[in-house]
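Secondary and tertiary structure notes
Residue-level listing of the chains:
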Amino acid sequence: MPTTREAVVQAALHVLDQDGLDGLTMRAVAQRLGVQHNTVRWHAASKQRLLELVSDELLAHCADEPLPPAWDERIRTLSRRCRAALLAHRDAARMLTVACGPEPHSLRYAETVVATLLDAGFDGRTAAWAHWSLFYLILGITQEQQAGTAVPVRADQVPLDRYPALAATLPHVGSGEFDQRFDFAIQLIIEALTARRQPAK
């Protein structure tokens, strides 16, 4: 049976989960499929193109219905789905930072977010830039979480006489509570957007 693009993408996801982004190569995908290297290149002419296809697949179901009718809850749901989709695969957020392009699933996700904001009454620039603000938040905090580099700051690293503000908030500095931090940031963005919808006084 001929190898399909879908099979190549799924094989690439398996390699990503097993070996991480650095181990995701054209040859590794070919070995996973049991085919020649050129067979993979037929569907993805370069590693960059392969990463773009895999990145797009990660967002395949993020915009699926049902979605909440209220714009703010819809934005929360879309953002959480996107983050969950990235967390489901090793190094996925890092991959999207270098290989997210105008592919069908990515465009559908962006369209749904932007349309939600336009329908809520926001102007075009606010809708488009809010989408990117949300997406950058998702990529950043998810990449940090997947990298496993978040280490709580110790009291001896922030002496009170030099860093009084950090010392006073030490339990929350460098905290690894990613879900809570993510929800907090999403809420801040939604509150800022809500304020923009209020009529000028």
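Residues numbered from 1 in each chain as written. Predicted model: local features only at pLDDT ≥ 70, side-chain atom pairs only at ≥ 80, totals over all residues. Heavy atoms only, no water.

Within the protein one finds 10 helices and 0 strands. Taken from the N to the C terminus, the helices and strands of the protein come in the order α-α-α-α-α-α-α-α-α-α. With the C-alpha coordinates of the protein rotated into their principal frame, the extents come out at 65 × 50 × 25 Å. Split into buried and exposed, the 201 residues of the protein put 39% on the buried side. Of all intrachain contacts in the protein linking residues separated by at least 6 positions in sequence, the fraction that spans at least 24 positions is 67%. Averaging the coordinates of the 21 positive side-chain charges in the protein and doing the same for the 23 negative ones gives two points 3 Å apart. (Helix = DSSP H or I, 4+ residues; strand = E, 2+ residues; numbered from the N terminus. Buried < 20%, exposed > 50% of the residue type's maximum accessible area, 1.4 Å probe, protein only. Contact = heavy atoms within 4.5 Å. Lys, Arg positive; Asp, Glu negative; His and termini not counted. Charge placed at Lys NZ, Arg CZ, Asp CG, Glu CD.)

Here we come to the pattern of salt bridges. Within this structure, the stated rule accounts for 11 salt bridges. Across the pair Asp91 and Arg94 runs a salt bridge whose closest N-O atoms are separated by 3.5 Å. For Asp91, a relative accessible area of 15% translates into the label buried. Salt bridges sharing partners connect three or more residues here, namely Asp22, Asp91 and Arg94. (Salt bridge = Lys/Arg side-chain N within 4 Å of Asp/Glu carboxyl O.)

Turning next to the nonpolar core. Among the nonpolar cores identified, the biggest contains 55 residues, and Leu24, Val29, Leu50 and Leu117 are the most heavily contacted of them. Elements that contribute at least two residues to this core include exactly helix H1 (5–19), helix H2 (26–33), helix H4 (47–58), helix H5 (71–87), helix H6 (92–99), helix H7 (104–119), helix H8 (124–147) and helix H10 (178–197). When residues in this core are grouped by element, the largest group, 8 residues, is from H8. Discounting chain neighbours no more than four positions away, the residues touching Leu50 are Val8, Ala12, Leu24, Met26, Val29 and Ala44. (Core = buried A, V, L, I, M, F, W, Y, C linked by side-chain atoms within 4.5 Å.)

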